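# Residue-level structure breakdown
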Amino acid sequence: GALVYQYPRRTICKSGTSMRMECQAVGFQATSVAWYRQSPQKTFELIALSTVNSAIKYEQNFTQEKFPISHPNLSFSSMTVLNAYLEDRGLYLCGARDWGGSSYEQYFGPGTRLTVL
Amino acid sequence: GDSVTQTEGPVTVSESESLIINCTYSATSIAYPNLFWYVRYPGEGLQLLLKVITAGQKGSSRGFEATYNKETTSFHLQKASVQESDSAVYYCALGNNNAPRFGAGTKLSVKP
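What comes next concerns the included structure. (Residues numbered from 1 in each chain as written. Chains lettered and ligands numbered in written order. Predicted model: local features only at pLDDT ≥ 70, side-chain atom pairs only at ≥ 80, totals over all residues. Heavy atoms only, no water.)

## Details of the overall build of chain B
Rules: Secondary structure follows DSSP: runs of H or I at least 4 residues long count as helices, runs of E at least 2 residues long count as strands, and numbering of each begins at the N terminus. Note that the radius of gyration is over C-alpha atoms, with the globule rule given as 2.2 Å times the number of residues to the power 0.38. Summary of the burial criterion: residues with accessible area below 20% of their type's maximum are buried, those above 50% are exposed, and those between are partly exposed, where the area comes from a 1.4 Å probe applied to protein chains only. Whether two residues touch is decided by their heavy atoms; if any such pair falls within 4.5 Å, the residues are in contact. For the charge count, each Lys or Arg is scored as positive and each Asp or Glu as negative, with His and the chain ends excluded. Charge placement uses NZ in Lys and CZ in Arg. For Asp and Glu, CG and CD serve respectively.
Of regular secondary structure, chain B possesses zero helices and twelve strands. The N-to-C order of helical and strand elements in chain B reads β-β-β-β-β-β-β-β-β-β-β-β. Here the C-alpha atoms of chain B give a radius of gyration of 13 Å, agreeing with the 13 Å that 2.2 N^0.38 yields for 112 residues. In terms of its C-alpha atoms, chain B occupies a principal-axis envelope of roughly 45 × 25 × 20 Å. Within chain B, the proportion of its 112 residues that are buried is 46%. Pairs at least 24 apart in sequence give 55% of the contacts found in chain B among residues at least 6 apart. Of the charged side chains in chain B, 9 are positive and 9 negative, and the gap between their average positions amounts to 6 Å.

Shown next as structure tokens:
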């Protein structure tokens, strides 16, 4: 079956430091990977959509300078939260989709929970 | 932009009662959006409950069903008889060639 792993599951960083998180797709080709953030008491906000061999598209209020993303192959993506502050805390979710498949489903990982001290 | 509005939680119902969680959408950049319901059970990851990609069609899974109504721009989630194991957070979402965009989520608690 199709699975998405995220690492780490939980992490704590000091204010002003950076944190890198990873997303691994197993059992299918992650042609596109979407990164989301769920801040406390909020829904999942789309940060950016990354498609292999295409430019990464960031949503309004999110920038490459703050959330650089790497998507080097069809099974892996990473995102870094640079210069993290309190408002960056929350659950970061990775969702991957196989554009070559017939399913419209986006498979999600369990998330990386970021705490900023 | 594209957005989803759903029933504000938390919602508490008793086991075997019926359930409806409302969802309405606004799709300004997508002519024919796909509509989804995702669910997150306690301690688990987000998973797809059901999806409908064609207006007028109904999707169903695990006793839940939702009909894609383009006229009212709605995609309400219904279940005739809930079980305690249905306690979870439910998210309505819309999407097409882009990543799905989620509603705020509705926390459902089912009392035994």
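## Remarks on the sheet that holds strand S7 (residues 69–73) of chain A
Residues and elements named next belong to chain A. Condition: At least two bridges found by DSSP between two strands are what make those strands a pair. A fitted line through C-alpha atoms serves as each axis, taken over the contacting stretch for helices, and the angle formed by two N-to-C directions is quoted from 0 to 180°.
One open sheet accounts for four strands, arranged S1-S3-S8-S7; its pairing is antiparallel. Edge positions in the sheet fall to strand S1 (3–7) and S7, since each has one partner strand and no second. Pairs of neighbouring strands in the sheet enclose a mean axial angle of 15°, with direction left out of account. When strand S3 (residues 19–26) meets strand S8 (residues 76–81), the two strands line up antiparallel, connected through six bridges. Opposite Met21, over in S8, you have Met79 as the bridge partner.

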